[in-house]
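# Chains, contacts and geometry: an overview
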Amino acid sequence: MTRKSTKARRGWRTAATSDRHELYELAVQNVDFECSFIDRVMKTHRSRLPRTLREDFCGTFAASVGWVQHRKTNTAIAVDLDPSVLAWGRGHNLTKLNAEQAKRLDIRNADVLKVKTPAMDVVAAWNFSYFLFKSRAALMAYFRKVHADLVSDGLFILDAYGGSEAFTEVEEERNLDGFTYIWDQNKYNPITNEVLNYIHFRFPDGTEMRKAFTYDWRLWTLPEIQEALLEVGFKKVTVYWEGTDQKTGEGNGVFRPTRTGEACAGWIAYLVAEK
Ligand SMILES: C[S@@+](CC[C@H](N)C(=O)[O-])C[C@H]1O[C@@H](n2cnc3c(N)ncnc32)[C@H](O)[C@@H]1O
């Protein structure tokens, strides 16, 4: 098949023929970036490369698959509560690994609060999944568990989003290859900071996949997250803030440690917590 015909075929995605997990990975995930970021922060904060990764709330465990491909000494444990999303990952992502790589990946259908794993170099919780813990007590119980599950110089890497627009009810669209990704901040409650967000997808024929994903979260702020991490025993927390592309004024994809961010309408940041 020529490149041209592949592209034309992609253009014919419709709601009925599309797979929500595939679209999610295309729209939201960047596994190469994640693996390089893990290496970079471990070298910066611990002067060594990491080997063992636990990917909490792993969904289709794309990052874990990337991690075992990234270096032949790497191992990963991928943890998710939902057997259906793990089954999708087994059918679509595990298949990208050869037998030797697959041996270095351990997929666990488990609760991140209860899972029993050996001490890890790195635990990662990405795409804001821990925002599902709505009370400070629940958030700290999770952070405490991660702290206990790390080796003595281990790192916990998380992301967070925010900005003035995060506290509003707004839809944001991004046109991707053959479909439109719609981030719908549907409800925001200023009394509790609870948010109800959806991901919808729209296709060139006008059909839509509504509420492909639903996120019932508390929008935790960076000071709250940092304080909770320090309170459960992490020694130091560093926020990695995204630089700005001078031409577009948008984020440039380069995250650097800093104590001072900008008052952007919307931002994504990473936190690195040192045991
Ligand atoms: C937002 S998705 C994250 C997917 C992936 N981490 C990513 O970066 O795109 C959240 C996932 O967390 C899982 N989940 C929710 N509560 C959980 C828990 N207590 N333990 C393990 N997984 C959980 C859900 O099944 C879902 O697959």
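Now for a quick tour of the structure. (Residues numbered from 1 in each chain as written. Predicted model: local features only at pLDDT ≥ 70, side-chain atom pairs only at ≥ 80, totals over all residues. Heavy atoms only, no water.)

## Structural notes on the pairing of strand β12 (residues 267-274)
A regular strand places its side chains so that they alternate between the two faces of the sheet. Buried residues dominate β12, accounting for seven of its eight residues. Note: strand β5 (residues 150-162) against β12, eight bridges, orientation antiparallel. Bridge pairing links Asp 159 to Tyr 270 in β12. (Buried < 20%, exposed > 50% of the residue type's maximum accessible area, 1.4 Å probe, protein only. Helix = DSSP H or I, 4+ residues; strand = E, 2+ residues; numbered from the N terminus. Pairing = 2+ DSSP bridges.)

## Some details on helix α7 (residues 136-148)
Helix length check: α7, at 13 residues, gives a terminal C-alpha distance of 18 Å against a target of 18 Å (1.5 Å per residue), a fit within 8%. Along α7, the residues classified as buried are Leu 139, Met 140, Tyr 142, Phe 143, Lys 145, Val 146 and His 147. Check the buried side of α7 and you find it contacts β1 (52-56), β4 (120-125), β5 and α8 (222-231). (Expected span 1.5 Å × (residues − 1). Contact = heavy atoms within 4.5 Å.)

## Overview of the site of the ligand
By nearness alone, 17 residues border the ligand, and Tyr 24, Phe 57, Asp 80, Val 112 and Asn 127 come closest of all. The separation between an oxygen atom of the ligand and a polar side-chain atom of Tyr 24 is 2.4 Å. Measuring from an oxygen atom of the ligand, one finds a side-chain N or O atom of Asn 127 at 2.8 Å. Look at the ligand: alone it shows 600 Å² of surface, and the protein chains cover 85% of it. (Near = heavy atom within 4 Å. Polar contact = N/O pair within 3.5 Å; in protein donor to acceptor, adjacent residues only side chain to side chain. Areas by Shrake-Rupley, 256 points an atom, 1.4 Å probe, with all protein chains shown as cover.)

## Observations concerning the side chain of His 200
Looking at the secondary structure, you find His 200 in strand β8 (residues 194-202). His 200 sits in the buried class, given a relative accessible area of 1%. At a separation of 2.8 Å, a polar atom in the side chain of His 200 contacts the side chain of Asp 184. Of the polar contacts made by the side chain of His 200, one reaches the side chain of Arg 210; its length is 3.5 Å. Look past the residues within four positions of His 200 in its chain and what remains in contact with it is Glu 171, Thr 180, Tyr 181, Ile 182, Asp 184, Met 209, Arg 210 and Lys 211.

## Remarks on the pairing of strand β6 (residues 170-176)
Here β6 runs beside strand β7 (residues 179-189); their pairing, made up of seven bridges, is antiparallel. Counterpart to Glu 172 in the pairing with β7 is Trp 183. With antiparallel pairing between neighbouring strands as the criterion, β6 and β7 make up a hairpin whose turn holds two residues, including Gly 178 at a positive phi of roughly 90 degrees.

## Examining the sheet that holds β8
With antiparallel pairing, four strands are arranged side by side in an open sheet as β6-β7-β8-β9. Only two strands of the sheet have a single neighbouring strand rather than two, namely β6 and β9 (208-218). Each strand axis lies, on average, 15 degrees off the axis of its neighbour in the sheet, ignoring direction. The strands touched by helix α2 (residues 20-28) are β6, β7, β8 and β9; relative to β9, the strand with the most contacts, the crossing angle is about 65 degrees. (Axes fitted to C-alpha atoms, helices over the stretch in contact; angles between N-to-C directions.)

## Quick look at the packing of helix α3 (residues 31-46) against helix α4 (residues 62-70)
The N-to-C vectors of α3 and α4 enclose an angle of 60 degrees; their axes lie 9 Å apart at closest approach. One way to sum up the angle between α3 and α4 is to call them oblique. Regarding α3 and α4, the two cross each other, and that crossing is right-handed. Facing α3, whose interface residues are Val 31, Glu 34, Cys 35, Ser 36, Ile 38 and Asp 39, α4 presents Ala 62, Ala 63, Gly 66, Trp 67 and His 70. Looking at the contact of α3 with α4, its residues break down into six nonpolar, three polar and two charged. (Parallel < 35°, antiparallel > 145°, perpendicular 65-115°, else oblique. Left-handed = near helix turned anticlockwise from the far one by under 90°. Nonpolar A, V, L, I, M, F, W, Y, C, P; charged D, E, K, R; others polar.)

## Some points on the packing of α7 against α8
One can describe the packing of α7 onto α8 by two numbers: an axis separation of 9 Å at closest approach and a directional angle of 55 degrees. The orientation of α7 with respect to α8, classified from their angle, is oblique. Note that α7 runs across α8; the crossing there is right-handed. For the pair α7 and α8, the contacting residues are Arg 136, Leu 139, Met 140 and Phe 143 in the first and Ile 225, Glu 227, Ala 228, Leu 229 and Glu 231 in the second.

Coordinates in, geometry out; function isn't part of it.
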